[in-house]
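# Notes for the structure review
In case you want the letters, here they are:
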Amino acid sequence: MKLSESLEDYLEAIYNEISKKNEAKVTDISKILNVKKASVTGALINLKNRGFINYEPYSSITLTDLGKKYAKDIIEKHKIMSEFLENILNLPHDEAVQNACRMEHIMTETMFYRMTKFSIFIQNLCKKQPELKKEIERLYE
């Protein structure tokens, strides 16, 4: 089941908030995503109806097993993309994170799979051949 970019962002924010504070609330999600509480409530109802979260007004938000799995997949994709952009393309960390967040939503599974494999391959090769890492860095000067 594919979610919109917006709903993926909500799910990721909920997961991260629960990881940090052991709970997620509408007010917290509103601040994190810089949206109005009414927008959060609408998104939460949508996520609840799709089986990703447990939500009742004025209570903490929890993730279902499906929601946890989906959120972890989003976060893993974000992490892998950020590392690729930072370690292989030598983008500054903040720029890599920002671009990864945008790219993760539009990328096909095939593209993500291949970028992951390529990233792992190049990073392992750079560990074995440190001069290769320096050559890659010189590409971007």
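Owing to the predicted nature of the structure, the values given are computational and were not obtained by experimental measurement.

Applying the stated criterion to the full structure yields two aromatic pairs. The lysine or arginine in question, Lys-77, covers the ring of Phe-112, its NZ or CZ lying 5.1 Å from the ring centre.

Attention now goes to the pattern of salt bridges. Applying the stated rule across the entire model yields eight salt bridges. A salt bridge links Lys-21 to Glu-17; the nearest nitrogen and oxygen atoms lie 3.0 Å apart. On the criterion of helical spacing, the pair formed by Lys-21 and Glu-17 is a turn pair, its members being four residues apart in helix 1 (residues 5-21). The buried category is assigned to Glu-17, whose relative accessible area is 6%. Between Lys-69 and Asp-73 there is a salt bridge; the shortest N-O distance is 3.0 Å.

Here we take up a nonpolar patch on the surface. A cluster of nonpolar residues, Leu-89, Leu-139 and Tyr-140, forms a patch on the protein surface that exposes about 290 Å² of accessible area. Relative to the helices and strands, Tyr-140 resides in the segment after helix 7 (130-139).

A word on helix 4 (residues 65-88). Between its first and last C-alpha atoms helix 4 spans 34 Å; for 24 residues at 1.5 Å apiece the expected length is 34 Å, and the two agree. Among the residues making up helix 4, those that are buried are Gly-67, Tyr-70, Ala-71, Ile-74, Lys-77, His-78, Ile-80, Met-81, Ser-82, Phe-84, Leu-85 and Ile-88. For helix 4, the secondary structure elements touched by its buried residues are helix 1, strand 2 (62-63), helix 5 (93-106), helix 6 (109-128) and helix 7. Phi for Asn-90, located one or two positions after helix 4, is positive at around 60 degrees.

Compared with an ideal rise of 1.5 Å per residue, which puts 13 residues at 18 Å, helix 3 (residues 37-49) spans 18 Å between its outermost C-alpha atoms and is within 8% of the ideal. Among the residues of helix 3, those classed as buried are Val-40, Ala-43, Leu-44 and Leu-47. Along the long axis of helix 3, the arc covered by the buried residues comes to 105 degrees, so they all point the same way. Among the exposed residues of helix 3, those oriented more than 90 degrees off its buried face are Ala-38 and Asn-49. Of the surrounding secondary structure, the elements contacted by the buried residues of helix 3 are helix 1, helix 2 (26-33) and strand 1 (53-54). Residue Gly-51 follows helix 3 closely and has a positive phi angle near 90 degrees.

Criteria and cut-off values
- Residues numbered from 1 in each chain as written.
- Predicted model: local features only at pLDDT ≥ 70, side-chain atom pairs only at ≥ 80, totals over all residues.
- Heavy atoms only, no water.
- Phe/Tyr/Trp six-rings, centres within 6.5 Å; stacked < 30°, edge-to-face > 60°.
- Lys NZ or Arg CZ within 6 Å of the ring centre and 35° of its normal.
- Salt bridge = Lys/Arg side-chain N within 4 Å of Asp/Glu carboxyl O.
- Helix = DSSP H or I, 4+ residues; strand = E, 2+ residues; numbered from the N terminus.
- Buried < 20%, exposed > 50% of the residue type's maximum accessible area, 1.4 Å probe, protein only.
- Patch = residues over 30% accessible without salt bridge, like charges linked within 9 Å, V, L, I, M, F, W, Y side chains within 5 Å.
- Areas by Shrake-Rupley, 256 points an atom, 1.4 Å probe, with all protein chains shown as cover.
- Expected span 1.5 Å × (residues − 1).
- Contact = heavy atoms within 4.5 Å.
- Arc of directions from axis to C-beta.

Everything listed here is a matter of geometry and, on its own, says nothing about what the molecule does.
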